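An overview of the molecular structure
Below are the chains, spelled out letter by letter.
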Amino acid sequence: MPRKHSTEDGDELLVRLRSLTAQARQRAELQRSQVELAIALQRGMLPRDLPSSPRLHLAVRYAPACYGLNVGGDWYDAFTMPDGRIGLSIGDVQGHNIEAAAFMGQVRVGLRALATVTSEPGELLARTNDLLLSLGSDLFATCTFMRLDPSTGVLESARAGHIPFVWATADGKSGIAQDEGGPPLGVRQGMEYPVTRFRLTAGGVVVLLTDGVVEGPSMNIEEGLDAVVRLAGIAAVAGLEAHSLAAAVIKGAERVGHEDDAAVLVVGHDDPYSESDDPTAPHPHPPGREP
């Protein structure tokens, strides 16, 4: 005959089920709290205001990834430096958790603090790299830092393992920057970061972005960058506002799958400059050398 379970067995089973349910609920609440904390860290560490200038047009967009605990450490920044030029940075911290979000804040604050000592992009990245290594973290970050003179349109750029930026001019030219970069920040001591000099022409734009905008399950990074080049080219020729271009670029993140953070920083300038300076052909110069 089949064995009959006693009432005590049934009660014990219910107790166990209630215990397991309570544990699962606690884990879910903890995960939700961690995600909320990481997102709050991200929002709190990103700049509230951007520099303003009659000639300068800046626009940003940011879409955090929050699938489970998949909250990363992408950032953008723009600020006025002591010499009156504008510092622009964008970057991506390795990892997708609270530690990555916190490390992002350290990188961004470190760049701002060291910009009061030197505004030269290559030296600034080198000093930030050494600073991060002194903190003893296992994380690293990719980054692009630019120094822009709003009065002349001269823009100097250095890259630390980050994807290149996209440029476009009002006469229909567009492309991906062919500048030389260095290794990510926080990997190795004593690194150097080459500096490339550009000039923004009237109506031209530069688009800085993180790989979450252009790379995902549905699109590889080459296809994603090509899509941004097309958008930037159309925007420059049509004279679209920087905010409209930034919105269109971040919208494209949805087509790549967007499993990572996605950050976009668009830079535009109004004043015309010397036609002898070709913005499509950047001229590298050694780190530390002023233009």
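Residues numbered from 1 in each chain as written. Predicted model: local features only at pLDDT ≥ 70, side-chain atom pairs only at ≥ 80, totals over all residues. Heavy atoms only, no water.

A tally of helices and strands in the protein yields five helices and eleven strands. Taking all 291 residues of the protein together, the buried fraction comes to 47%. Taking as baseline every contact in the protein between residues at least 6 positions apart, the subset at least 24 positions apart corresponds to 74%. By element, 53% of the accessible surface of the protein is carried by carbon and sulfur atoms, the whole surface being about 14,300 Å². (Helix = DSSP H or I, 4+ residues; strand = E, 2+ residues; numbered from the N terminus. Buried < 20%, exposed > 50% of the residue type's maximum accessible area, 1.4 Å probe, protein only. Contact = heavy atoms within 4.5 Å. Areas by Shrake-Rupley, 256 points an atom, 1.4 Å probe, with all protein chains shown as cover.)

Within the element layout of this structure, Val228 appears in helix H4 (residues 221-238). Judged by its relative accessible area of 4%, Val228 is buried. In this structure, the C-alpha to C-alpha distance between Val228 and Val213, residues 15 residues apart in sequence, is 9.0 Å. Setting aside chain neighbours within four positions, we find Val228 in contact with Val166, Val207, Leu209, Val214 and Val249.

Next up on the list: the sheet that holds strand S9 (residues 205-209). Taken in spatial order, the five strands line up as S1-S10-S9-S6-S7 in an open sheet, and their pairing is antiparallel. Two strands close off the open sheet at either side, each with one partner strand: strand S1 (56-63) and strand S7 (174-176). Going across the sheet, the axis of each strand differs from the next one's by a mean of 15 degrees, ignoring polarity. With five bridges connecting them, S9 and strand S10 (residues 262-269) associate as antiparallel partners. If you follow Leu208 over to S10, its bridge partner there is Leu265. Contacts from H4 reach strand S6 (166-168), S7 and S9, with the element oriented near 25 degrees to S6. (Pairing = 2+ DSSP bridges. Axes fitted to C-alpha atoms, helices over the stretch in contact; angles between N-to-C directions.)

Below, the discussion takes up the confidence of the model for the protein. In this model, the protein carries an average pLDDT of 81, and 73% of its residues clear a pLDDT of 70 or more. When pLDDT is averaged over each helix and strand of the protein, the minimum, 37, is found for strand S11 (residues 283-285) and the maximum, 97, for S9. Here residues 272-291 is modelled with pLDDT under 50, and outside its nearest four sequence neighbours on either side it reaches 39 contacts, counting other chains as well. (pLDDT = per-residue confidence, 0-100.)

Along helix H5 (residues 242-252), the positions that sit buried rather than exposed are Ala242, Leu245, Ala246, Val249, Ile250 and Gly252. Projected down its long axis, H5 carries its buried residues within an arc of 150 degrees, all on one side. (Arc of directions from axis to C-beta.)

Attention now goes to the packing of aromatic side chains. Counted under the stated rule, the structure contains three aromatic pairs. With a centroid separation of 6.2 Å and 55 degrees between ring planes, the pair formed by Tyr62 and Tyr76 is classed as tilted. Of this pair, Tyr62 sits in strand S1 while Tyr76 sits in strand S2 (residues 75-80), and the two are 14 residues apart along the sequence. (Phe/Tyr/Trp six-rings, centres within 6.5 Å; stacked < 30°, edge-to-face > 60°.)

For strand S5 (residues 154-160), the tally of buried residues reaches seven of seven residues, placing the bulk of the element in the interior. In S5, alternate side chains face the same way, and those of Val154, Glu156, Ala158 and Ala160 on one face and Leu155, Ser157 and Arg159 on the other are all buried. Here strand S4 (residues 141-148) pairs with S5 via five bridges, running antiparallel. Bridge pairing links Arg147 to Glu156 in S5. Strand direction decides the pairing type here: S5 and strand S8 (residues 195-199), joined by four bridges, are antiparallel. Within the sheet, the bridge partner assigned to Val154 lies in S8 and is Arg199.

Let us now look at helix H2 (residues 98-114). Over its 17 residues, H2 runs 24 Å from end to end, which matches the ideal 24 Å to within 8%, given 1.5 Å per residue. Listed in full, the buried residues belonging to H2 are Ala100, Ala101, Phe103, Met104, Gly105, Val107, Arg108, Gly110, Leu111 and Leu114. (Expected span 1.5 Å × (residues − 1).)

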